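Chain by chain, the residues:
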Amino acid sequence: MQQFSFLSTLAFISLATMVSAEPSTARFITVLNDCPFTVWPAFFTASGPQPEQVPGWEAKPRTGLTFATATNWSGRIWGRRVCDFSTGSTNPDTCLSGGCNGGLICNTTTGTGVPPATLATIDFSGTSKDIYTVSVVDGYNLPMAFVNNGGCSFASCPVDLATSCPVDLAGPFDRDGQPVGCKSACLRDALAGNAGNSSNCCTGSFGSQEACPTSSVEHYSYFKQSCPNSFAYAFDESSGTAVFQCPKAVKFDEDVEYTVTFCPDPFNL
Ligand SMILES: *[C@@H]1O[C@H](CO)[C@@H](O)[C@H](O)[C@H]1NC(C)=O
Ligand SMILES: *[C@@H]1O[C@H](CO)[C@@H](O)[C@H](O)[C@H]1NC(C)=O
Ligand SMILES: *[C@@H]1O[C@H](CO)[C@@H](O)[C@H](O)[C@H]1NC(C)=O
C-alpha cells in the first residue's frame, strides 16, 4: 500500500515535470571519501542560502553523502585530516590540516577553514554557467577530484603533493612525522606576515597579471605540473586549465551534478 502510493507520487512528479518545465529548485553535490583513512569533509557558503546539510561531518573510508544547495549557491568544499573533537574545542586546531572555527560543524560565518587545504570551489550563481575549480592557491592537504555528469572538464589535484613537497613548504605533520599538507609559497609568505606585498600571492606591487608572471611565483611548477587541472596561483586562469565552466540547465531536473572525491583514482580521471 505504501509502496503503491509512493509510486503514484513519483508518476505524478514526473508528469508535472514534463508538462511544466519549471526551473530546478536545488543543485546536488556528492562528497566521497575514497581515502583509506577517515576524512572530515566541510563546506563554507560564500553566497546564497545555507544548505540544510550541516557544514562538517565525519566520512569513514569509502563512504559518501549527497547534499542539496540552492540554485544560486556558491562556496567551497574541503577535507580535514586527523581530527579530534573529543575536547569540545571549537578551534581549528581540532584537526591537523583543514580545521575550521566551530569544531566538527564549521561556523557558517567564520568557518572558512585554515590552509593549507585543497579546495573545491563552485559558483552556481551565474545565469548561464557554473564556474568551478580545485584550488591549491593556499596549499594542499588531500588529493581531490571535482567531477560532474555534464561532460564538462574535471578539475583535480589527484596526486599526493605532501610527501614530495618542497622543504620550505612542507607540513603540517602528524605525530609520526608524516606530512598532512603542503603549503603554497603564498601561504608561507602570509604566515611570515608578508601577505600584502608578495610576488607569491600577487599582492601589493605584484597585484596584476603582468606584474605577477608564473615565473615569479616560487614552486608554481611543482603544483601545476603535478596537478595541471588545479588552480595554482592567483592569476592561474591564464593557464586555461584552472577555472572551468559548465553550462547551466534551463529545465527542471537537467542540472549537472557534481562530485568531490578525496583520494580519487588518478587513472580514472
Ligand atoms: C538566492 O535565492 C534565494 C531563493 O532561493 C533568495 O532568497 C536569495 O536572496 C538568493 N541569494 C542570492 C545571493 O542571490
Ligand atoms: C560563529 O562565529 C561567530 C563569530 O565569532 C559567533 O558570534 C557565533 O556564535 C558562532 N556560531 C556558532 C554556531 O557557534
Ligand atoms: C614590495 O616589495 C618590493 C620588493 O620585493 C618593493 O620593491 C616594493 O616597493 C614593495 N611595494 C610595496 C607596495 O610595498
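Residues numbered from 1 in each chain as written. Chains lettered and ligands numbered in written order. Predicted model: local features only at pLDDT ≥ 70, side-chain atom pairs only at ≥ 80, totals over all residues. Heavy atoms only, no water.

Per an unreviewed UniProt entry, the protein chain is named Thaumatin, and its organism is Favolaschia claudopus.

Along the backbone of the protein chain there are three helices and eleven strands. For the protein chain, the succession of helices and strands along the chain, N to C, is α-β-β-β-β-β-β-β-β-β-α-α-β-β. Counting all 269 residues of the protein chain, 43% fall into the buried class. Working note: accessible area of the protein chain is about 13,000 Å², and carbon and sulfur atoms make up 56% of it. (Helix = DSSP H or I, 4+ residues; strand = E, 2+ residues; numbered from the N terminus. Buried < 20%, exposed > 50% of the residue type's maximum accessible area, 1.4 Å probe, protein only. Areas by Shrake-Rupley, 256 points an atom, 1.4 Å probe, with all protein chains shown as cover.)

Okay, the site of ligand 1 next. Taken together, the neighbourhood of ligand 1 is formed by Gly48, Pro49 and Asn72. Take Asn72: an N or O atom from its side chain is 2.3 Å from an oxygen atom of ligand 1. Contact with the protein chains removes 29% of the 360 Å² of surface that ligand 1 exposes when unbound. (Near = heavy atom within 4 Å. Polar contact = N/O pair within 3.5 Å; in protein donor to acceptor, adjacent residues only side chain to side chain.)

On to the site of ligand 3, then. Close to ligand 3 lie Asn197, Ser205 and Phe206. For ligand 3, an oxygen atom lies 2.4 Å from a polar atom in the side chain of Asn197. Burial of ligand 3 by the protein amounts to 29% of the accessible area it has alone, namely 360 Å².

With that out of the way, let us pick up the state of the cysteines. All chains considered together, the criterion is met by eight disulfides. The side chain of Cys165 participates in a disulfide bridge whose partner is Cys182; the two sulfur atoms lie 2.1 Å from each other. Where Cys165 bonds to Cys182 through sulfur, the torsion about that S-S bond is close to 75°, and the disulfide is right-handed. You can see Cys165 sitting in the loop between strand E9 (155-157) and helix H2 (185-191) and its partner Cys182 sitting in the loop between E9 and H2, a full 17 residues away along the chain. Side by side, Cys165 and Cys182 carry an identical accessibility label, which is buried. (Disulfide = S-S within 2.5 Å.)

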